[in-house]
Structures are given as C-alpha cells and as structure tokens.
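# Secondary and tertiary structure notes
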Amino acid sequence: MTHADIAALVQQFLVDTATQGRPNPRVQQVVVRLTTDLFKAIEDLDLSPSEVWKGVEYLAEAGATHELGLLAAGLGLERFLDIRADEAEARAGLTGATPRTIEGPLYVAGAPESTGYARLDDGSEADRGEVLFMQGTVYDTAGKPLPGARVEVWHANLLGNYSFFDKSQPDFHLRRTIVTDARGRYQFRSNVPKGYGCPPEGTTQRLLDLLARHGQRPAHIHFFVSAPGHRKLTTQINIDGDAYLWDDFAFASRDGLVPKVNRIDDHAQLDRLQLSKPFASIDFDFRLLRDVAEAPAAEVERIRAAA
Ligand code: MBD
Ligand code: FE
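What counts as what
- Residues numbered from 1 in each chain as written.
- Chains lettered and ligands numbered in written order.
- Predicted model: local features only at pLDDT ≥ 70, side-chain atom pairs only at ≥ 80, totals over all residues.
- Heavy atoms only, no water.
- Helix = DSSP H or I, 4+ residues; strand = E, 2+ residues; numbered from the N terminus.
- Near = heavy atom within 4 Å.
- Polar contact = N/O pair within 3.5 Å; in protein donor to acceptor, adjacent residues only side chain to side chain.
- Areas by Shrake-Rupley, 256 points an atom, 1.4 Å probe, with all protein chains shown as cover.
- Nonpolar A, V, L, I, M, F, W, Y, C, P; charged D, E, K, R; others polar.
- Salt bridge = Lys/Arg side-chain N within 4 Å of Asp/Glu carboxyl O.
- Buried < 20%, exposed > 50% of the residue type's maximum accessible area, 1.4 Å probe, protein only.
- Donors = N, O, S within 2.8 Å, 3.2 Å for Na, K, Ca; no water.
- Expected span 1.5 Å × (residues − 1).
- Contact = heavy atoms within 4.5 Å.
- Core = buried A, V, L, I, M, F, W, Y, C linked by side-chain atoms within 4.5 Å.
- UniProt positions renumbered as here; feature names shortened; annotations may be inferred.
- Pairing = 2+ DSSP bridges.
- Axes fitted to C-alpha atoms, helices over the stretch in contact; angles between N-to-C directions.
- Parallel < 35°, antiparallel > 145°, perpendicular 65-115°, else oblique.
- Domains from an automatic or database assignment.
- Buried area = accessible area lost by both parts, 1.4 Å probe.

## Remarks on the environment of G184
As for its placement among the helices and strands, G184 is situated in the loop between β6 (175–179) and β7 (185–191). On a C-alpha basis, the gap between G184 and G148 in space is 6.9 Å, while along the polypeptide they are 36 residues apart.

Right, here's the structure in full:
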C-alpha cells in the first residue's frame, strides 16, 4: 500500500466517521497523525500481525506495571521535550537560568515543608552512607536573591530506591520542600545518593536488553524550584565522579549541573555537627527566569503521585 493510500484510509476511518457532533479538532489532528504514522510503519517495516500485537501487549504491560514514565525517560522522549522547551525559551529571548533537566517518574507531591533548612534522611543509612550538606541561594537572572522561593528536593537512597515507590522507606523519606530564607538561601542535610537502575525484571529493562542498552542512571538529586512571578525550574544535579555520569539511560546529564563535591574533614566543623567522619558538601545556586507571556508554560501538567 502507498503512503497516500494509507492517508486516505485513515481519513475514511477516523475523519469521515465523525457524524456524532463536532470532533475535538486537536485530538482528531493528533490521532489521525499518529495512526497514519503507525500504519505507515507497519507497511514500511512489513510488521506481522504477531509483531503488532506483541507491541500492543508490551505497552499494556508497561502501563499495568506503572513503567510508562520510565520507558518515556529511557526512550529519550522526556529529554526530547526538554530540548524543545529549551528551544522555545531561546526563541522567547530567555537566557541566564540554571539548565533544566527531566523530572523523571518518581516525584511525589506533598512533602513536608520548612524554611531555610531541612534534613532529608532519617538516619537509617548513616552507617553506610556519606553525609551530604547541600546549600545555596535562589536568584533571579538579574542576580537578585529570591526569599520565599520553594525548593522541592527528592532523591534515592543508597540502594537507588525512592520512598513511596519503595514501601520499605518511611513516607517522604529523602523528600522535602524548603522555602528559602530572607536572604534567598536554602540548605539541606542528607546522604550522598547512589545511582538508579531500572527494575531488572521490568518491561523497560526488557526492551533495553533487546536494544543492548543498560538502564542505569548516575547518582543525582532532583529539584523543582519555583517563586511567584518566575518560571518553575525542573532540574537535577549529578554527583561528580559517578561511572555513569555521562552515560545516563535517561539522557539527563548536562553541563552546569555537575557541581564540585567538597570533602570536609576539618575537626572544628565535624565537632560542631557532631559527625565522626568527613562529609560531602555541595554549593549550588539556582537562577530562575522571569515569567513571560511569550514562552510556553513552564509548569508541565502530568499525573503525579501524592501522599
Ligand atoms: C529516576 O530516578 C529518574 O530520575 C528517572 C528520570 C528515571 C528513572 C529513575
Ligand atoms: Fe531520579
């Protein structure tokens, strides 16, 4: 069948049948396009019916096991949306912000809130982990500190697992919202996280195996940073030195998001913090873009877990 035949067929199936009132034009446009592209792929690749059903069943299983968000990250779909968001901001003349990078599928809304400082970990991994202090200032792109900005932070434990999705951790373990203080500053204490690996028996890893790809992410910490009148920033920092730093299966590593990790072994500091081992310290400032009408919304609507 030719591509023109396929386009005519989709028109006949999905457009000529719109006899029950007015179709939603955007939905119709998208469904017609995607169906046409799928039919063309089946034709061009000569997919067998068994292969087509295998694909349908794969997506059904990925959905049933809640791995479609993970698949979107691994296929580079989420990174692709970021590249387009960067292009849209560049077209609107917006520059000077902290680079964005993907949200990923593991955010949970409703984390405990505090001003200035929070401790993220409950101490249960203290014997195996390295203590981390991370601190900085939230600025606008003109360099003005933003008091009252919200820094939502979340990361994995030392096994690469995230609370809520990993029910062995307490609610909101390694998840907090820190409101910046009068000088626009935030600080938190936690443990230096470890990298994440896709569930080895999951649908995403099954596909990655067939593509001869790994499903590993380097150690990272996620952030939403928001302030009134400013564009919400979705980003992460990476822990420098991770073997997967520039080999992330989700393509989220970016220049500007790999801060130096300082090792503090000064006795006065260790005593003051009642720590018996040296700890890691990361200084990282966030710079937010002013809200403007010309750029697409920075807030992405997507169903998120809430606890
Ligand atoms: C993660 O922790 C993550 O951040 C992404 C993008 C995908 C899977 C696990
Ligand atoms: Fe993550």
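## Examining the site of ligand 1
As a structural note, the neighbourhood of ligand 1 is formed by L70, I102, G104, P105, L106, Y162, Y196, R217, H220 and H222. At 2.9 Å, a side-chain N or O of Y162 approaches an oxygen atom of ligand 1. Residue R217 places a side-chain N or O atom 2.6 Å away from an oxygen atom belonging to ligand 1. When the free accessible area of ligand 1 is taken as 260 Å², the share hidden by the protein chains comes to 100%. Its residues assigned to classes, the shell around ligand 1 shows six nonpolar, three polar and one charged.

## A few points about the pattern of salt bridges
For side chains of opposite charge, pairing can occur when their charged atoms come near one another. Enumeration according to the criterion identifies 15 salt bridges in this entry. As a salt-bridge pair, E125 and R128 come within 3.6 Å of each other at their nearest N and O atoms. Classification of E125 by relative accessible area gives buried; the value is 6%. Exposure remark for R128: the relative accessible area of 52% places this residue in the exposed category. Several salt bridges converge on common partners, so that one network encompasses D86, E89, R100, R231 and R254.

## A word on the coordination of the iron ion (ligand 2)
Note on metal geometry: ideal angles are 109.5 degrees for four donors arranged tetrahedrally and 90 or 180 degrees for six donors arranged octahedrally. Coordination of the iron ion (ligand 2) by the protein involves Y162 (OH), H220 (NE2) and H222 (NE2), with metal-donor separations of 2.0 to 2.1 Å. Along the chain, the residues donating to the iron ion (ligand 2) are arranged with the sequence spacing Y-x57-H-x1-H. With Y162 in the loop between β5 (150–155) and β6 and H220 in strand β10 (residues 220–226), this pair connects stretches of sequence that are 58 residues apart. Here the two residues Y162 and H220 agree in accessibility, since each one is buried.

## A short note on helix α5 (residues 77–91)
Helix length check: α5, at 15 residues, gives a terminal C-alpha distance of 21 Å against a target of 21 Å (1.5 Å per residue), a fit within 8%. Among the residues of α5, those classed as buried are E78, R79, D82, A88 and E89. Taken together, the buried residues of α5 touch α4 (68–74). Backbone geometry just after α5 places G93 at a positive phi near 80°.

## A short note on the nonpolar core
In this structure, M134, F188, I221, F223 and F286 are the most contacted members of the largest nonpolar core, which totals 29 residues. For this core, the secondary structure elements donating two or more residues are β4 (131–140), β5, β7, β10, β11 (233–238), β13 (279–283) and β14 (286–288). Residues L106, W154, Y162 and L208 belong to the second largest nonpolar core, which totals 15 residues.

## Remarks on the UniProt feature "domain: Intradiol ring-cleavage dioxygenases" (unreviewed entry) in the protein chain
Per the UniProt entry, the sites bearing "domain: Intradiol ring-cleavage dioxygenases" (unreviewed entry) are residues 134–162 in this numbering. Counting secondary structure, residues 134–162 comes out at 0% helix and 45% strand; the distance between its end C-alpha atoms is 19 Å.

## Let's talk about the side chain of S281
Note that S281 resides in strand β13. Looking at S281, its side chain comes within polar contact range of the side chain of Q135, at 2.9 Å. Ignoring sequence-local partners within four residues, the contact set of S281 consists of L132, F133, Q135, K260, V261, N262 and I264.

## Some words on the sheet that holds β11
Strand order in the open sheet formed by five strands is β2-β6-β5-β10-β11, and the pairing between neighbours is mixed. Every interior strand has two partners, whereas the edge strands, β2 (113–115) and β11, have only one. The sheet shows a mean angle of 25° between the axes of neighbouring strands, taken without regard to direction.

## Brief notes about the packing of helix α3 (residues 49–64) against helix α6 (residues 203–210)
At a minimum axis separation of 9 Å, α3 and α6 run at an interaxial angle of 140°. By the angle between their axes, α3 is oblique relative to α6. Between α3 and α6, the residues in contact are Y58, E61 and A62 and T203, T204, R206 and L207, respectively. Looking at the contact of α3 with α6 residue by residue, the class counts come to three nonpolar, two polar and two charged.

## Looking at the domain arrangement of the protein chain
According to the domain assignment, the protein chain consists of domain 1 (3–70) and domain 2 (97–306). Spacing between the C-alpha centres of domain 1 and domain 2 amounts to 37 Å. For the pair domain 1 and domain 2, the two sides together bury roughly 750 Å², of which 54% comes from carbon and sulfur. Considering only the side of domain 1, the residues that lose the most area to domain 2 are Y58, E67 and L70, jointly responsible for 76% of the buried surface there. Counting every contact that joins domain 1 to domain 2 gives one salt bridge. There are four residue pairs in polar contact (both at pLDDT 80 or more) connecting domain 1 and domain 2. Sorting the residues of the side of domain 1 that touches domain 2 by element identifies α3 and α4 as the ones contributing at least two each. With three residues, α3 is the single largest residue contributor to the side of domain 1 that touches domain 2. In terms of residue class, the side of domain 1 that touches domain 2 is made up of three nonpolar, two polar and two charged.

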